[in-house]
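Chain residues, written in single-letter form:
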Amino acid sequence: MDVDVALREGTYRLLQPLQFSAMDSGSPEHPVRWHAAPGAHPVLIGSRAIAGQQRGALWVFPIQSADDLSSVYLDGQRREPSRTSSCSACKVDAKGLSGIPPATMRMLQVGSMVVLHVRWRDFRCAVTALGEDRVTLAQPCWHNTTLDSQSDWRVASPVGKYYSGVDGFENLVGVPVEPGSFTVDTQQHLLLYRPRTDESLLHAVIEIPVAEQLLRLGGTSDAPVHDLTFSGITFSYTGWRKPLSDDGYVGLQAGYVVDGEGRTALPDNGEGMNRIGAAVQVDTGRNIVFDRDTFAHTAAAGIAFSRGTHGAAVLNSHFFDLGGGAIFVGDTEAHPAHPDDKSSDFVIDNNRIDHVAQIYRDNVAIMAGFVNGIEIAHNTISDLPYTGISVGWGWDYEGEAPVQSSIHIVANRIERVMLQLADGGAIYTQGTSTPDTSCIVRNAIDMRHSGEGNGIYLDEHSVNFDVEHNVVLGSWISAWAPWSGHLRMVFNWTDMTLGKPDKLGVTKVWAPNFTGLRVLPAQAQAVQREAGARSGVVAQVAVPVKVRAGCLSGRIDP
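Residues numbered from 1 in each chain as written. Predicted model: local features only at pLDDT ≥ 70, side-chain atom pairs only at ≥ 80, totals over all residues. Heavy atoms only, no water.

Draft legend 1. Local environment of the overall build of the chain. Regarding its fold elements, the chain presents three helices and 50 strands. Taken over the C-alpha atoms alone, the chain extends approximately 70 × 60 × 50 Å along its principal axes. For the chain, the exposed area adds up to about 21800 Å²; of that, 51% sits on carbon and sulfur atoms. Between the averaged position of the 44 positive side-chain charges in the chain and that of its 61 negative side-chain charges there is a distance of 4 Å. (Helix = DSSP H or I, 4+ residues; strand = E, 2+ residues; numbered from the N terminus. Areas by Shrake-Rupley, 256 points an atom, 1.4 Å probe, with all protein chains shown as cover. Lys, Arg positive; Asp, Glu negative; His and termini not counted. Charge placed at Lys NZ, Arg CZ, Asp CG, Glu CD.)

What follows is the structure, given as structure tokens:
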């Protein structure tokens with residue numbers, strides 16, 4: 001018997017997530033469907049609404065001491081906390097920062113947050129004490145920013161050679177100066193907001209997130225949660241309080257963080273890191289499908305699948321205005337004790353992802369750890385501070401055996417990425433794939449309005465990938481590491497004029513490619529037209545969800 005749950009038009013406020021276990025599951029023949037009723041647009045939100053009052057030129061809102069104010073929304077738009085100017089002269093020591101200008105010190109309080117980035121990493125640590133020209137920062141947060149490993153993480157840290165100061169401090173005292181920003185009076189428990197000229201007091205209602213998750217699907221290896229579909233639902237207004245703790249936010253890469261006390265070094269392979277929170281979490285699931293949903297206005301990530309989830313899909317959905325990344329798939333343990341704990345068989349098709357990683361800038365649009373089978377196809381990705389699509393993990397410390405298989409990155413459109421951080425790309429890979437299973441093909445990448453980065457970045461121990469028939473404008477393909485190999489990078493088009501590729505190696509095939517193009521040939525233009533989310537097309541997936549072993553494209557000659 002089919003179970004069909006239709007949600008009527010309306011906003012559904014949640015203080016705790018809706019939870020599903022194996023007992024709430026369907027079957028492949030009769031899945032349980034949660035969906036919008038015909039013509040309805042149901043919205044699940046995890047916030048409370050607070051009405052404001054005018055006080056002079058400001059709007060004032062009562063708040064609670066435990067509120068997560070990293071993400072505050074007014075009339076459906078994110079409002080930013082006031083931030084000081086950057087401090088290139090701020091000096092780093094074991095306890096915090098010194099050399100802070102007097103004008104900045106006057107705006108700081110215990111609980112202010114320092115914000116900085118170095119290369120591909122993002123950091124946020126709370127102020128715990130104030131001195132004449134210095135601040136003491138929360139531990140272990142500040143200590144964890146400086147840890148090192150053989151992968152040379154320290155170079156991208158506040159004590160590394162690329163450190164150039166802090167971006168600024170948030171959670172300030174006093175009144176906000178810039179229209180559209182706010183400060184917090186911790187003594188009076190008030191949020192002080194300076195309205196924009198086009199805002200009316202009639203709409204002076206803010207949304208402050210309360211719930212960190214809206215939906216949680218949790219199974220076990222013996223009793224997975226399975227055969228559930230969610231469609232036509234909007235997930236919005238969630239918080240994430242962990243960065244307010246003494247752990248802060250110490251980004252390692254792509255939304256995985258360094259936390260906890262007692263660390264003296266980082267693992268060389270990057271394993272054992274926790275991940276940013278997500279509004280929707282799926283653990284140990286089977287045949288879970290999200291279709292035509294919207295994920296917007298969150299403090300952290302959109303949706304995450306982990307802990308031995310096998311068979312899941314995200315289709316025809318829109319992700320925007322997220323504090324973290326849009327979609328996380330799998331985990332970062334290359335060789336789990338139980339092989340079934342490595343997730344597999346994901347389809348991410350026909351989605352639009354833009355303006356995500358708004359707070360935690362090291363996050364990416366789509367992040368897959370070690371997975372056996374993922375099809376990332378026909379997604380349109382734009383306007384990110386860091387990388388677009390990232391798959392794999394481990395750097396050069398997982399051995400030579402394959403740690404993933406059937407990675408298919410096909411016909412995506414990616415532009416305006418790497419807008420703030422460095423050392424990433426539109427598409428980024430790591431790890432050894434099973435031979436003849438993984439490919440990056442027919443993607444349309446435009447880096448001409450992006451920051452520093454590669455079009456396709458086959459980093460560290462990227463092994464066994466075919467990279468074919470991609471259009472890469474304003475950048476090119478990097479496979480710099482001598483320990484990467486068995487890479488076939490052919491029949492790609494670029495406007496870049498290139499010299500001889502470095503680190504050729506006997507197992508890296510770099511030709512033929514078509515470089516220095518002022519006009520793209522017809523076949524390249526066809527790739528551009530067909531890439532990205534398709535208007536008027538509804539992607540579908542068969543159940544059980546499976547990804548074929550070989551690449552969708554095969555090896556195609558022009």
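Draft legend 2. A look at the pairing of strand β21 (residues 225-231). Of all seven residues in β21, six are buried; the element is thus mostly enclosed. Pairing analysis gives four bridges linking strand β4 (residues 32-36) to β21, with the strands arranged parallel. From the neighbouring strand, tryptophan 34 faces β21, where its bridge partner is phenylalanine 230. As defined by bridge partners, β21 adjoins strand β27 (residues 285-291) across six bridges and the pair is classed as parallel. Paired with leucine 228 across the bridge in β27 is isoleucine 288. (Buried < 20%, exposed > 50% of the residue type's maximum accessible area, 1.4 Å probe, protein only. Pairing = 2+ DSSP bridges.)

Draft legend 3. Seen up close, the nonpolar core. Ranked by internal contacts, the top residues of the largest apolar core, which has 117 residues, are Leu97, Phe169, Phe290 and Ile327. The element contributing the most residues to this core is strand β29 (residues 301-306), with four residues. Judged by nonpolar contacts, the second largest core, of 14 residues, contains Ile50, Leu191, Ala204 and Ile208. (Core = buried A, V, L, I, M, F, W, Y, C linked by side-chain atoms within 4.5 Å.)

Draft legend 4. How the structure looks around the sheet that holds strand β44 (residues 454-458). Spatial strand order, β3-β20-β26-β29-β32-β35-β38-β41-β44-β47: 10 strands in an open sheet with parallel pairing. Each having just a single partner strand, β3 (18-20) and β47 (477-478) make up the two edges of the open sheet. Bridging between strand β35 (residues 366-368) and strand β38 (residues 389-391) involves three bridges; their strand directions are parallel. From the neighbouring strand, isoleucine 366 faces β38, where its bridge partner is isoleucine 389.

Draft legend 5. Inspection of the pattern of salt bridges at higher detail. Throughout the structure, instances matching the rule amount to 23 salt bridges. Note that glutamate 199 and arginine 79 form a salt bridge whose closest N and O atoms lie 2.5 Å from each other. Here glutamate 199, found in the loop between β18 (190-193) and β19 (205-209), pairs with arginine 79, found in strand β10 (residues 77-81); they are 120 residues apart in sequence, far enough to count as distant. Of the two residues examined, glutamate 199 and arginine 79, each falls in the buried class. Here the salt bridges share partners, and the residues they tie into one network are Arg83, Arg124 and Glu170. (Salt bridge = Lys/Arg side-chain N within 4 Å of Asp/Glu carboxyl O.)

Draft legend 6. Representation of the sheet that holds strand β43 (residues 444-446). In spatial order, the strands read β2-β5-β22-β28-β31-β34-β37-β40-β43-β46-β49; together these 11 strands make up an open sheet with parallel pairing. In this open sheet, the two edge strands, each paired with only one partner strand, are β2 (11-13) and β49 (493-494). Two elements, strand β40 (residues 413-415) and β43, share three bridges in a ladder whose sense is parallel. The residue of β43 that forms the bridge with isoleucine 414 is isoleucine 445.

Draft legend 7. Representation of helix α3 (residues 522-530) in the model. Those residues of α3 that sit buried are Ala524, Ala526 and Val527. The buried residues of α3 all sit within an arc of 155 degrees when viewed along its axis, so they share a single face. Exposed residues on α3 whose side chains face more than 90 degrees from its buried face are Ala522 and Arg529. Residues of α3 that are buried in the fold lie against β46 (471-473) and β49. Two residues or fewer after α3 comes glycine 532, characterised by a positive phi angle close to 90 degrees. (Arc of directions from axis to C-beta. Contact = heavy atoms within 4.5 Å.)

Draft legend 8. Representation of the side chain of threonine 309 within the structure. Topologically, threonine 309 is positioned in the loop between β29 and β30 (310-315). Look at threonine 309 and you get buried, because its relative accessible area is 0%.

Draft legend 9. Fine view of the pairing of β44. The element β44 is extensively covered by neighbouring structure, given that four of its five residues are classed as buried. The sheet contact formed by β44 and β47 spans two bridges and is parallel. Bridge pairing in β47 places isoleucine 456 opposite isoleucine 477.

Draft legend 10. Examining unusual backbone geometry more closely. A cis amide bond links glutamine 139 with the next residue in sequence, proline 140, at an omega value of 15 degrees. Mapped onto the fold, proline 140 is located in the loop between β15 (135-137) and α2 (141-144). The backbone phi angle of asparagine 316 is positive, close to 55 degrees, even though this residue is not glycine. The residue asparagine 316 is located in the loop between β30 and β31 (318-322) in this model. Exposure remark for asparagine 316: the relative accessible area of 14% places this residue in the buried category. Of note, the phi angle at aspartate 321 is positive, near 50 degrees, even though the residue is not glycine. A residue is classified by how much of its surface remains accessible, and aspartate 321, at 11% relative accessible area, is buried.

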